[in-house]
Amino acid sequence: MQRYNPKDIEPKWQAKWETDKIYQASEDTSRPKKYVLEYFPYPSGAAMHVGHVRNYTIGDVIARFNRMHGFNVLHPMGWDAFGLPAENYAIKNKVSPRLAIDENTARFKRQLIQMGFGYDWSREIDSTDPKYYKWTQWFFLMLFNKGLAYQREALVNWDPVDKTVLANEQVIDGRAERSGALVEKKSLKQWFFKITDYADRLLGDLDNLDWSESIKSMQRNWIGRSEGMLFTAPIKDSQLQIQTFSAHFEAFSADTFVVIAPDHPFLKELLKGTEGEKHVLDFAAQMVKKRDAQGYSDEENVEGIFTGRYIEDPVGNGDLPIWVASYALAHYGTGIVKCSAHDERDFKFAKKYNITLKPVLFPSDEKEAEKVRNLEYCYTDMRNGILSEPADFAGQTAGENREAIIKYLEDHQLATPQISYKMRDWLISRQRYWGAPIPIIHCPLDGAVPVPDDQLPVVLPDVESYEPSGDGRSPLANVPEFVNTTCPKCGGPAERETDTMDGFACSSWYFLRFADPHNDELPFARDKADFWLPVDDYIGGAEHAIMHLLYARFWTKVMYDEKLINFEEPFTTLRNQGMILAPNGLKMSKSKNNTIEPDEIIEQGYGADSIRIMELFIGPWNQTANWSVEGMGGAFRFLQRIWTLTQEHQDAKEQAGGDQSHEQAILKAAHYTIRSVTKDLEQLGFNTAIATLMEYVNNLYKLKSQDHFADGEAWNFAITSLLQLVAPFAPHIAEELWSKTGHTGSVHTSEWPAYDEALLIEETLTVVIQVNGKLRGEINVSRDADEATVVASAKADQKAARYLENQTIRKTVYVPNKLVNFVI
RNA sequence: GGGCGAGUGGCGGAACUGGUAUACGCGCACGACUCAAAAUCGUGUUCCUUACGGAGUGAGGGUUCGAUUCCCUCCUCGCCCACCA
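Since this is a predicted model, take the numbers as computed values, not measurements.

## Here we look at the state of the cysteines
- The tally for this structure, following the rule as stated, stands at zero disulfides.
- Cys487 takes part in no disulfide bond, and the closest cysteine sulfur to it belongs to Cys443, at a distance of 3.6 Å.

Have a look at this one:
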């Protein structure tokens with residue numbers, strides 16, 4: 001018998017599967033469809049490591065398991081290839097990013113194939129292919145025409161030395177990664193998608209998704225809906241008025257001052273004509289600068305300055321001073337807040353600047369209430385706190401009166417209900433070369449004009465230099481042939497938009513393109529999308545928990561509204577695999593030089609199948625695990641034992657003459673394993689499914705070593721089932737042994753084995769004897785024995801009897817087929 | 001500060017709706033094969049105790065005949081978000 005050598009068999013089957021097209025999907029309506037998808041990878045310079053491999057292994061096992069269950073499985077793969085690393089590579093080597101991407105995708109694809117992943121490569125897509133981004137641009141225009149894409153000024157990271165806009169990941173501790181210069185904020189006109197219009201739907205529809213609670217709660221958190229009240233107040237000695245938002249408005253009678261964000265657009269107008277106008281503006285500008293450099297985290301150093309202005313508070317709190325405060329956020333609520341003794345930040349700020357505070361909310365404990373009255377600490381319990389003002393609610397808890405307080409404020413015309421979100425619109429402009437060009441033409445007469453459909457795609461031109469333009473625009477601005485064009489509306493001279501789109505735009509619809517990847521007339525044909533979508537199982541890392549998943553959900557809802565598709569949520573179930581860390585528990589990264597690549601393990605002779613087993617056996621699929629080098633040996637030994645077991649069977653086949661009970665034992669082991677593995681896989685219990693298979697193999701070795709086979713039928717069934725059960729995990733060895741044991745066709749298109757429940761019914765069962773809940777013995781009883789018989793034989797059990805001697809049994813607990821517990 | 005999740009042998013982990021804690025694997029020890037080693041096969045492996053027996057799932061308490069599992073209090077770790085009014 002040949003030794004198990006993965007190098008001999010794995011490449012052979014990979015080629016054969018591709019030739020036989022066994023993973024190619026078509027719109028065959030005779031079987032139910034199943035769309036299994038892993039996030040399409042970014043083929044960066046770094047090769048794929050065993051952490052990535054886990055993601056694809058999970059998807060592949062799910063796809064194969066479903067295929068063997070008779071599903072028509074779509075399991076595609078493609079490339080999310082726009083982005084910074086390719087552009088950096090291009091600048092450094094003065095070559096087209098295209099070149100870098102082509103090299104990287106080729107390597108990535110080879111790595112995926114050598115892992116034995118069953119993708120339908122006829123559907124391969126590449127987001128940087130003009131045939132693909134034509135439709136990304138088409139979707140941009142759809143959003144634009146619906147009023148969901150708009151331009152406004154926004155801040156970017158500006159490197160004053162290299163004269164370029166930096167991505168967030170190019171800024172490290174406030175300095176440019178490359179030049180080391182202190183990064184400045186610069187205001188540029190940029191494109192946004194109005195995702196906030198969809199906030200409520202994005203939030204509400206989460207409830208019906210089969211996603212992990214943690215991802216859902218991250219999305220809820222990110223959207224950050226809060227219901228509150230909007231107050232309006234006139235500014236004293238002025239025609240102006242302000243609005244403030246409060247989600248914790250119950251203690252509105254406590255408001256004693258107002259804060260406004262230092263970068264609030266209204267600040268200038270507010271200060272106009274005040275004595276300290278210039279001084280306050282300068283101070284505010286400084287606060288903004290400090291905050292941009294250090295972030296918000298410096299909680300101890302809140303600072304502020306009095307504006308010289310007051311509001312006349314309509315709710316009856318008198319004239320309240322307006323302060324500029326570093327902790328106020330211009331972009332949340334209205335950017336202006338009425339403040340009181342019942343907010344930690346307000347409290348701290350007021351203490352620092354000796355601003356009057358007036359508590360109106362108190363704990364029920366009088367001693368504690370006295371402390372709050374004396375401003376010894378900040379009391380914020382809006383549920384249990386007892387109000388002293390306004391008179392209508394005096395003596396009652398804030399929490400129980402929230403609704404009544406809303407009504408009170410509305411009836412007295414003091415405030416109106418308002419909903420506020422943390423989520424902001426999606427900034428999609430990138431001042432970068434390597435992205436899909438934004439298909440807009442700027443005309444001096446007609447403004448921003450969409451590129452007509454028949455002129456799509458706006459092709460990214462080849463350029464000589466990928467260096468930044470120096471004025472904050474992308475390198476495309478240096479290409480006159482690209483920039484200068486005519487206005488589609490008036491025909492006059494006009495300029496193309498030079499910003500490109502955020503890569504997340506490309507990945508917001510790719511799952512639809514897989515349904516119809518080669519369509520030149522449409523992004524996808526309606527019937528094909530209807531057939532395959534939504535994605536049934538989406539498998540990916542938690543790094544996509546917020547942005548990608550939210551953006552893709554947003555685009556899907558827009559398409560639904562446009563009647564392009566018939567579903568509102570793109571991913572029915574979402575599975576987030578756990579990360580694989582280096583053996584020392586650190587994150588794998590190229591820079592730390594601690595990555596482990598599948599190539600080297602395959603080279604060492606373990607093979608792809610062993611890696612796949614290891615990826616899943618290492619622990620629950622959704623939990624983080626440290627890679628174990630020693631563990632690879634265990635995975636390999638398991639497969640090797642299958643190899644040997646299966647072929648010794650061939651040698652031993654001639655031997656005859658067994659007994660029926662032995663045959664029964666083999667069948668029982670097989671059916672038990674089929675049931676157990678099937679149930680585990682239905683619940684994604686990959687690690688326990690593999691454990692069961694290991695136990696099964698161990699058992700078959702023992703049964704075999706008694707070296708008597710009956711006519712071999714039971715044994716044949718046992719081995720055939722073993723190969724099928726192991727096929728999703730270790731596709732190569734399963735296929736090789738499948739053919740070696742005389743099967744035709746592929747094990748991967750064979751039908752998943754069925755089990756016979758009747759065979760698994762045990763005639764005798766072990767029943768445990770407990771005394772006061774402690775294990776004291778066990779007895780074997782027949783399955784249909786009645787309670788009295790079982791209890792009697794339990795009492796008679798020698799071991800247990802010792803504990804019952806001279807004792808009164810106060811109670812006997814009997815659990816059928818499980819245990820007897822004597823309470824003494 | 002807010003949200004989510006997790007604490008079980010030397011290690012990764014298992015235990016279905018409360019019913020024999022530690023399946024499976026790694027590691028380790030011993031044995032078989034071998035001149036020897038590797039590979040392979042087999043046996044053992046929670047801790048304390050010579051034994052009888054006892055303890056034991058992060059800590060403490062509770063419910064129960066019985067708790068890794070349910071409830072309360074606390075501790076530790078991981079991830080995500082975070083001056084979000």
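## Digging into the protein's contact with RNA strand B
- Taken together, 51 residues are adjacent to RNA strand B, and Tyr327, Tyr332, Lys422, Ile618 and Asn821 come closest.
- Close to the protein, within 4 Å, the atoms of RNA strand B are drawn from sugar and phosphate at a rate of 64%.
- Measuring from a sugar or linking oxygen of RNA strand B, one finds a backbone N or O atom of Tyr327 at 2.6 Å.
- Between Lys422 and RNA strand B, the recorded distance is 3.2 Å, taken from a side-chain N or O atom to a sugar or linking oxygen.
- Counting residues per element, the surface near RNA strand B draws most heavily on helix H22 (residues 686-705), at six residues.

## Quick look at helix H23 (residues 713-726)
- Look at H23: 20 Å from first C-alpha to last across 14 residues, which is about the 20 Å you get at 1.5 Å a residue.
- With 10 of its 14 residues buried, H23 lies for the most part within the structure.

## A word on the environment of Leu203
- On the secondary structure map, Leu203 appears in helix H6 (residues 199-204).
- A sequence separation of 20 residues divides Leu203 from Ile223, and the C-alpha atoms of the two residues are 7.1 Å apart.

## What to know about the pairing of strand S32 (residues 811-815)
- Bridge count between S32 and strand S33 (residues 819-823): five bridges; the pairing is antiparallel. Bridge assignment links Tyr814 to a residue of S33, and that residue is Val820.
- Remark: three residues form the turn of the hairpin made by S32 and S33, two consecutive strands paired antiparallel; Asn817 in that turn has positive phi of roughly 65 degrees.

## Quick look at the packing of aromatic side chains
- Within this structure, the stated rule accounts for 47 aromatic pairs.
- Residues Tyr510 and Phe514 carry aromatic rings whose centres are separated by 5.8 Å and whose planes lie at 75 degrees to one another, so their mutual orientation is edge-to-face.
- Look at Phe514 and you get buried, because its relative accessible area is 0%.
- A cation over a ring is seen here: Arg373 above Phe362, with NZ or CZ 5.0 Å from the ring centre.

## Focus on the packing of H23 against helix H24 (residues 731-740)
- Taken N-terminus to C-terminus, the directions of H23 and H24 make an angle of 155 degrees; their axes are 8 Å apart at the nearest point. As judged from the angle between their axes, H23 and H24 are roughly antiparallel. In terms of crossing hand, the pair formed by H23 and H24 is left-handed. Packed against H23, whose contacting residues are Thr720, Leu723, Gln724 and Val726, the element H24 presents Ala734, Leu737 and Trp738 at the interface.
- Of the residues contributing to the contact of H23 with H24, the split by class is five nonpolar, two polar and no charged.

## Things to note about the confidence of the model for chain A
- With 96% of its residues at a pLDDT of 70 or more, chain A shows a mean pLDDT of 89.
- Interface confidence for the predicted complex, expressed as ipTM, amounts to 0.94; the pTM equals 0.91.

## Quick notes on the side chain of Lys338
- Position of Lys338 among the secondary structure elements: in strand S15 (residues 336-339).
- According to the relative accessible area criterion, Lys338 is buried, its value standing at 11%.
- Only 2.9 Å separates the side chain of Lys338 from the side chain of Asp313, close enough to count as a polar contact.
- Other than its neighbours up to four places away in sequence, Lys338 contacts Phe231, Thr244, Asp255, Phe257, Val258, Ile311, Asp313, Val315, Leu320 and Asp346.

Rules used in this analysis
- Residues numbered from 1 in each chain as written.
- Chains lettered and ligands numbered in written order.
- Predicted model: local features only at pLDDT ≥ 70, side-chain atom pairs only at ≥ 80, totals over all residues.
- Heavy atoms only, no water.
- Disulfide = S-S within 2.5 Å.
- Near = heavy atom within 4 Å.
- Polar contact = N/O pair within 3.5 Å; in protein donor to acceptor, adjacent residues only side chain to side chain.
- Helix = DSSP H or I, 4+ residues; strand = E, 2+ residues; numbered from the N terminus.
- Expected span 1.5 Å × (residues − 1).
- Buried < 20%, exposed > 50% of the residue type's maximum accessible area, 1.4 Å probe, protein only.
- Pairing = 2+ DSSP bridges.
- Phe/Tyr/Trp six-rings, centres within 6.5 Å; stacked < 30°, edge-to-face > 60°.
- Lys NZ or Arg CZ within 6 Å of the ring centre and 35° of its normal.
- Axes fitted to C-alpha atoms, helices over the stretch in contact; angles between N-to-C directions.
- Parallel < 35°, antiparallel > 145°, perpendicular 65-115°, else oblique.
- Left-handed = near helix turned anticlockwise from the far one by under 90°.
- Contact = heavy atoms within 4.5 Å.
- Nonpolar A, V, L, I, M, F, W, Y, C, P; charged D, E, K, R; others polar.
- pLDDT = per-residue confidence, 0-100.

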